[in-house]
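Below are the chains, spelled out letter by letter.
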Amino acid sequence: MTLVVADSACNVTQAVTAANTLLDAGAVAVVGHTCSSATRSAQGIYNAAGVPMVSPSSSAIDLTEEGYTTTFRVFPKDDAQAVLMATYFRQSLGMDMLALVEWSGYEFSADAFSNTFTNLGGTTTSQRTVTSTDDYTTTLTAIQSENPDAIFYADNNANNAGFFSNVAHNMGLSIIGWDDISNDEAALGDYATAASSAAEGDYAGLNGRRTDDMPGYDDFNAAYQAAGFPNYGDEAQAWGSYAYDAAKIIIAAIDRADSTDPMTIRDEIAATADYDGVVGTYEGFDAKGDVIPQWSWLELYRNGEWVMVYPYSVFLPLVLNNFQ
């Protein structure tokens, strides 16, 4: 088995060059690409050649909606945490009515929350878009009359989100469920600072898995450090974990296929079941190539600090135990 490397640099044009470089070198399966934009440019090339690709980090929702049968990914989609939060609010907290607000450009998150919440029997009282923090008071005034159990807010700016919570709580509106679209755990502190005392009782959703929660990370990171990669830092980090698992899933598929035929390998990747990786146990891939489970987790701000209240694998339909 020979490793061939090409850099797409998260660039849509260079991604095409990288894909063709790999295919010209005889690649029968590909780990990558990293960014969703590069993956979008390259996946049609791999599909035309019948060569499977497993991305370790591309998360754009629409990537697996284009009908390519050779595209897989081991990282959850951008809406995983919204789906989890909607499920938790409805089935674990018993909420019936939610209002939704998204910063312009993040409608995908509110749509995912709404679809999940209503499919589980809940009601969304309204869905509104804001383009400035100046819109908050007017928007929340309109929501007051709806008397929702909580408000879901999607925005990748933690300071905006925290300020939104502050304004909402000052108007007598209670729980805010924030989709931290940036998936930056450090941003939770910025949210709490901007929200001040209003943060108490708020939720935040993030997708992926922290390295602390990855069962195989310590051993993997120790091996990474022992191997020595001076150009790539002294910590494997989460992205290294997903990339390693993507490569190992491909290698396991090649072993099962006992063949270098790309489509046979593709079928074995699709048939992956209960693979124990660094990140966790991969139950497999769905018909579109999205990983099962869709890892994500919820944080609750309680007694002045953020605490993880529900790390979970997202499935629908989904039944959660009561947890408060």
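Residues numbered from 1 in each chain as written. Predicted model: local features only at pLDDT ≥ 70, side-chain atom pairs only at ≥ 80, totals over all residues. Heavy atoms only, no water.

## Describing the overall build of the protein
Here is step 1 of the chain: Along the protein, the regular secondary structure elements total 10 helices and 14 strands.
Here is step 2 of the chain: Taken against the 2.2 N^0.38 rule, which gives 20 Å for 324 residues, the C-alpha radius of gyration of the protein at 21 Å falls within 12% of a compact globule.
Here is step 3 of the chain: When its C-alpha atoms are laid out on the principal axes, the protein stretches across 65 × 40 × 40 Å.
Here is step 4 of the chain: Counting across all 324 residues of the protein, residues that qualify as buried make up 50%. (Helix = DSSP H or I, 4+ residues; strand = E, 2+ residues; numbered from the N terminus. Rg over C-alpha atoms; globule rule 2.2 N^0.38 Å. Buried < 20%, exposed > 50% of the residue type's maximum accessible area, 1.4 Å probe, protein only.)

## Re helix α5 (residues 136–144)
Here is step 1 of the chain: If you check which residues of α5 are buried, you get Y136, T139, L140 and I143. Around the axis of α5, the buried residues are gathered within 90° of arc, so they sit on the same side. (Arc of directions from axis to C-beta.)

## So, the packing of aromatic side chains
Here is step 1 of the chain: The tally for this structure, following the rule as stated, stands at 21 aromatic pairs.
Here is step 2 of the chain: Measuring from centroid to centroid gives 5.3 Å for F89 and Y203, while their planes differ by 70°, and the two rings are edge-to-face. Separated by 114 residues along the polypeptide, F89 in helix α3 (residues 80–92) and Y203 in strand β8 (residues 203–207) bring together distant segments of the chain. Here F89 and Y203 have matching classes, each one buried.
Here is step 3 of the chain: Measuring from ring centre to ring centre gives 4.7 Å for F220 and Y244, while their planes differ by 40°; the resulting arrangement is tilted. One end of the pair, F220, is in helix α8 (residues 217–227); the other, Y244, is in helix α9 (residues 237–257), with 24 residues separating them in the sequence. (Phe/Tyr/Trp six-rings, centres within 6.5 Å; stacked < 30°, edge-to-face > 60°.)

## Here we look at the pairing of strand β6 (residues 150–155)
Here is step 1 of the chain: Counting buried positions along β6 gives six out of six residues, so the element sits mostly inside the fold.
Here is step 2 of the chain: Of the two faces of β6, the one lined by A150, F152 and A154 and the one lined by I151, Y153 and D155 are each fully buried.
Here is step 3 of the chain: With five bridges joining them, strand β4 (residues 97–103) and β6 adopt parallel strand pairing. Within the sheet, the bridge partner assigned to A99 lies in β6 and is I151.
Here is step 4 of the chain: Across six bridges, the pairing between β6 and strand β7 (residues 175–180) is parallel. From the neighbouring strand, A150 faces β7, where its bridge partner is I175.
Here is step 5 of the chain: Crossover β6 to β7 through helix α6 (residues 158–170) is right-handed. (Pairing = 2+ DSSP bridges. Right-handed = clockwise from strand over helix to strand, strands pointing away.)

## Looking at the sheet that holds strand β1 (residues 30–31)
Here is step 1 of the chain: Taken in spatial order, the three strands line up as β1-β2-β3 in an open sheet, and their pairing is parallel. Unpaired on one side and paired on the other, β1 and β3 (71–73) mark the two borders of the sheet.
Here is step 2 of the chain: Examined bridge by bridge, strand β2 (residues 53–55) and β3 share three bridges and lie parallel to one another. Bridge assignment links M53 to a residue of β3, and that residue is T71.

## Quick notes on the state of the cysteines
Here is step 1 of the chain: By the definition in use, this model includes one disulfide.
Here is step 2 of the chain: Each sulfur of the disulfide joining C10 and C35 lies 1.8 Å from the other. Across the S-S bond of C10 and C35 the torsion is about 65°, and the bridge reads as right-handed. One end of the pair, C10, is in the segment before α1 (12–24); the other, C35, is in the loop between β1 and α2 (36–49), and 25 residues separate them in sequence.
Here is step 3 of the chain: We classify C10 as partly exposed; its relative accessible area is 37%.
Here is step 4 of the chain: With a relative accessible area of 24%, C35 lands in the partly exposed category. (Disulfide = S-S within 2.5 Å.)

## With respect to the nonpolar core
Here is step 1 of the chain: Of all hydrophobic cores here, the largest spans 54 residues; its most connected members are F89, F113, I151, Y153, W178 and Y191.
Here is step 2 of the chain: Tallying contributions element by element places α3 first for this core, with seven residues.
Here is step 3 of the chain: Beyond its immediate chain neighbours, meaning those up to four positions away, Y153 contacts V101, W103, V130, Y136, N160, A161, F164, I176, G177, W178 and D179.
Here is step 4 of the chain: Within the second largest apolar cluster, 27 residues are counted, among which are F75, A252, I265 and W295. (Core = buried A, V, L, I, M, F, W, Y, C linked by side-chain atoms within 4.5 Å. Contact = heavy atoms within 4.5 Å.)

## What about unusual backbone geometry?
Here is step 1 of the chain: Cis rather than trans, the peptide bond between G32 and H33 has omega equal to 5°.
Here is step 2 of the chain: Note that H33 resides in the loop between β1 and α2.
Here is step 3 of the chain: For the bond from I292 to P293, the omega torsion is 10°, close enough to zero to count as cis.
Here is step 4 of the chain: Residue placement: P293 occurs in the loop between β12 (291–292) and β13 (294–302).
Here is step 5 of the chain: The backbone phi angle of D274 is positive, close to 50°, even though this residue is not glycine.
Here is step 6 of the chain: If you trace the backbone, D274 turns up in the loop between α10 (262–270) and β9 (275–276).
Here is step 7 of the chain: For D274, a relative accessible area of 54% corresponds to the exposed category.

Geometric descriptors of this kind do not, in isolation, establish any biological role.
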